[in-house]
Amino acid sequence: MSYAAIHPNWEKPRANMVDGYSLEMTAKELDGLREASPLIRPGTQVAITFLPGEEMEQRVQAAVLVRELGFEPIVHLSARRLTSQAELEKYLADITTKAGVKRVFIIAGDPPEPEGPYENSLQIIDSGLLERHGIEVVGVGGHPDGHPNNTPAELWDWMERKLAAIRAHGMVPLVVTQFAFDDDAIVAWVKEMRARGIDVPVRLGVPGPAGIKRLLGFAKRCGVGASANVMKKYGVSITNLIGSAGPDKLVASLDKGLVPDLGRVRLHLYPFGALKASAEWVNDYDAKH
């Protein structure tokens, strides 16, 4: 299966940095997606998170709405939050039959102890359940800023094992990164990835436009590097938390740093609850470039 299964334009040079972008939403943001939908390009891939405080049915309804509005759902699976194999099987059956889901993104999840039989995402990939339910594309996480529970060497090892397992099960691999603010760290991470021979497509997570306090709050919660120097590069002074900020400066820098020989790279926007603002930003950036 070619990388066109991930997105039709993966095999073409990107027109600009928002060409072929994707968005993320929570299962509770149905009204926000409806409001933003006229501003989002048809066929855009919209990822649906797997967060605590959500019901499985809410996640299914979100996937259905994404499909009904003319977008492509990418459903998250959080391994440690799944309580049983039966729960996973029912969820896969529901999202594939009701929303035509072909794409999933798998993370281990935050709970220190698994709530069911799955401790990590590799166990779900190796279960055989994904391809049995018609899943074609499987995304796994990337961490340009590192991870508090793993060394860089461990992160690369896990990534390579998961990508190999996805291919072994006849599916197409994709890497989607945690959002980051530091352009230099992001580009260096992509360069190391390619130097290691990992040639899969990458979606680089960038924060959508949001209030400065909100951006810093999510950065702290997610363990993302947000030092004063990094945020200054992004265009934010952490001594002034009034107002909002957007990713223009970061994206423009990435556009310069991500040269063609770094392979297939596209953006993944984290709107932090502001889907309409992110969609407006994308259209504005596209019009300017």
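Below or above, wherever it landed, is the structure these notes cover. What you see is a predicted model; the values in this text were computed from it and never measured. (Residues numbered from 1 in each chain as written. Predicted model: local features only at pLDDT ≥ 70, side-chain atom pairs only at ≥ 80, totals over all residues. Heavy atoms only, no water.)

1. Quick notes on the pairing of strand S3 (residues 72-78)
Consecutive residues of a regular strand have side chains that alternate between opposite faces of the sheet.
Stage number 1. With respect to burial, S3 is a largely interior element, 7 of its 7 residues being buried.
Stage number 2. A two-sided burial pattern is seen for S3, the buried positions comprising Glu72, Ile74, His76 and Ser78 on one face and Pro73, Val75 and Leu77 on the other.
Stage number 3. Across 4 bridges, strand S2 (residues 45-48) lies against S3 in parallel orientation. If you follow Gln45 over to S3, its bridge partner there is Glu72. (Buried < 20%, exposed > 50% of the residue type's maximum accessible area, 1.4 Å probe, protein only. Helix = DSSP H or I, 4+ residues; strand = E, 2+ residues; numbered from the N terminus. Pairing = 2+ DSSP bridges.)

2. Comments concerning the layout of surface pockets
Stage number 1. For the second largest pocket, the calculated volume is near 200 Å³.
Stage number 2. For the second largest pocket, the full set of lining residues is Trp10, Glu11, Lys12, Pro13, Arg14, Leu258, Val259, Pro260, Gly263, Arg264, Val265 and Arg266.
Stage number 3. Grouping the constituent residues of the lining of the second largest pocket by class yields 6 nonpolar, 1 polar and 5 charged. (1 Å grid on protein atoms, 1.4 Å probe; cavity = no way out; pocket = protein on both sides within 12 Å on 5 of 7 lines; lining within 4 Å. Points joined across faces, edges and corners; volume = space filled by probe spheres on them. Nonpolar A, V, L, I, M, F, W, Y, C, P; charged D, E, K, R; others polar.)

3. Regarding the packing of aromatic side chains
Stage number 1. Scanning the entire structure with this criterion turns up 5 aromatic pairs.
Stage number 2. Ring geometry for Phe50 against Tyr91: centres 6.0 Å apart, planes inclined by 80 degrees, an arrangement best described as edge-to-face. Placement of the pair is Phe50 in the loop between S2 and helix H2 (56-68) and Tyr91 in helix H3 (residues 85-99), with a sequence separation of 41 residues.
Stage number 3. Assessed through its relative accessible area of 6%, Phe50 is described here as buried.
Stage number 4. Site record: aromatic cluster; members linked through ring pairs are Phe179, Tyr270 and Phe272.
Stage number 5. The ring centre of Phe50 lies 3.6 Å from the NZ or CZ of Arg59, which sits over that ring.
Stage number 6. Directly above the ring of Trp158 sits Arg161, whose terminal nitrogen or CZ lies 4.4 Å from the centroid. (Phe/Tyr/Trp six-rings, centres within 6.5 Å; stacked < 30°, edge-to-face > 60°. Lys NZ or Arg CZ within 6 Å of the ring centre and 35° of its normal.)

4. A short note on the pattern of salt bridges
Stage number 1. A full pass over the atoms with the stated rule returns 13 salt bridges.
Stage number 2. One salt bridge in this structure joins Arg41 and Asp286, with 3.1 Å as the shortest N-O distance. Highlighted residues: Arg41 in the loop between helix H1 (30-36) and S2 and Asp286 in helix H11 (residues 275-288), separated in sequence by 245 residues.
Stage number 3. Judged by relative accessible area, Arg41 falls into the partly exposed class, the value being 24%.
Stage number 4. Among the salt bridges present, the one from Arg196 reaches Glu192, with a minimum N-O distance of 3.2 Å.
Stage number 5. On the accessibility criterion, Glu192 (36% relative accessible area) is partly exposed.
Stage number 6. Through salt bridges with shared partners, a single network forms among Arg67, Glu72 and Arg103. (Salt bridge = Lys/Arg side-chain N within 4 Å of Asp/Glu carboxyl O.)

5. Considerations on the pairing of strand S4 (residues 103-107)
Stage number 1. Counting buried positions along S4 gives 4 out of 5 residues, so the element sits mostly inside the fold.
Stage number 2. In terms of handedness, the path from S3 via H3 over to S4 forms a crossover that is right-handed.
Stage number 3. Bridge count for S4 against strand S5 (residues 137-142) is 4 bridges, and the pairing is parallel. Each residue of the ladder has a partner; that of Phe105, found in S5, is Gly139. (Right-handed = clockwise from strand over helix to strand, strands pointing away.)

6. Regarding the sheet that holds S3
Stage number 1. Read around the closed barrel, the 8 strands follow the order S1-S2-S3-S4-S5-S6-S7-S10; overall the barrel is parallel. Across the sheet, the axes of successive neighbouring strands diverge by a mean angle of 30 degrees, strand direction being ignored.
Stage number 2. The sheet contact formed by strand S1 (residues 22-25) and strand S10 (residues 265-270) spans 2 bridges and is parallel. Looking at the pairing, Leu23 lines up with Leu269 of S10.
Stage number 3. Strands S5, strand S6 (172-177), strand S7 (202-207) and S10 of the sheet are contacted by helix H7 (residues 183-195), whose axis makes an angle of about 165 degrees with S7. (Axes fitted to C-alpha atoms, helices over the stretch in contact; angles between N-to-C directions. Contact = heavy atoms within 4.5 Å.)

7. Things to note about H7
Stage number 1. Here H7 contains 13 residues, and its C-alpha end-to-end distance of 18 Å stays within 8% of the 18 Å for a straight helix at 1.5 Å per residue.
Stage number 2. Within H7 the residues assigned to the buried category are Asp183, Ile186, Val187, Trp189, Val190, Met193 and Arg194. The arc enclosing the buried residues of H7, seen along the axis, measures out at 155 degrees, which places them on a common side.
Stage number 3. Following H7 by one or two positions, Gly197 adopts a phi angle in the positive range, close to 85 degrees. (Expected span 1.5 Å × (residues − 1). Arc of directions from axis to C-beta.)

8. Considerations on the side chain of Arg194
Stage number 1. Its location among the elements puts Arg194 in helix H7.
Stage number 2. Among the polar contacts made by the side chain of Arg194, one reaches the main-chain carbonyl oxygen of Arg264 at a distance of 3.3 Å.
Stage number 3. With near-sequence residues (within four places) excluded, Arg194 lies in contact with Asp199, Val200, Val202, Leu262, Gly263, Arg264 and Val265. (Polar contact = N/O pair within 3.5 Å; in protein donor to acceptor, adjacent residues only side chain to side chain.)

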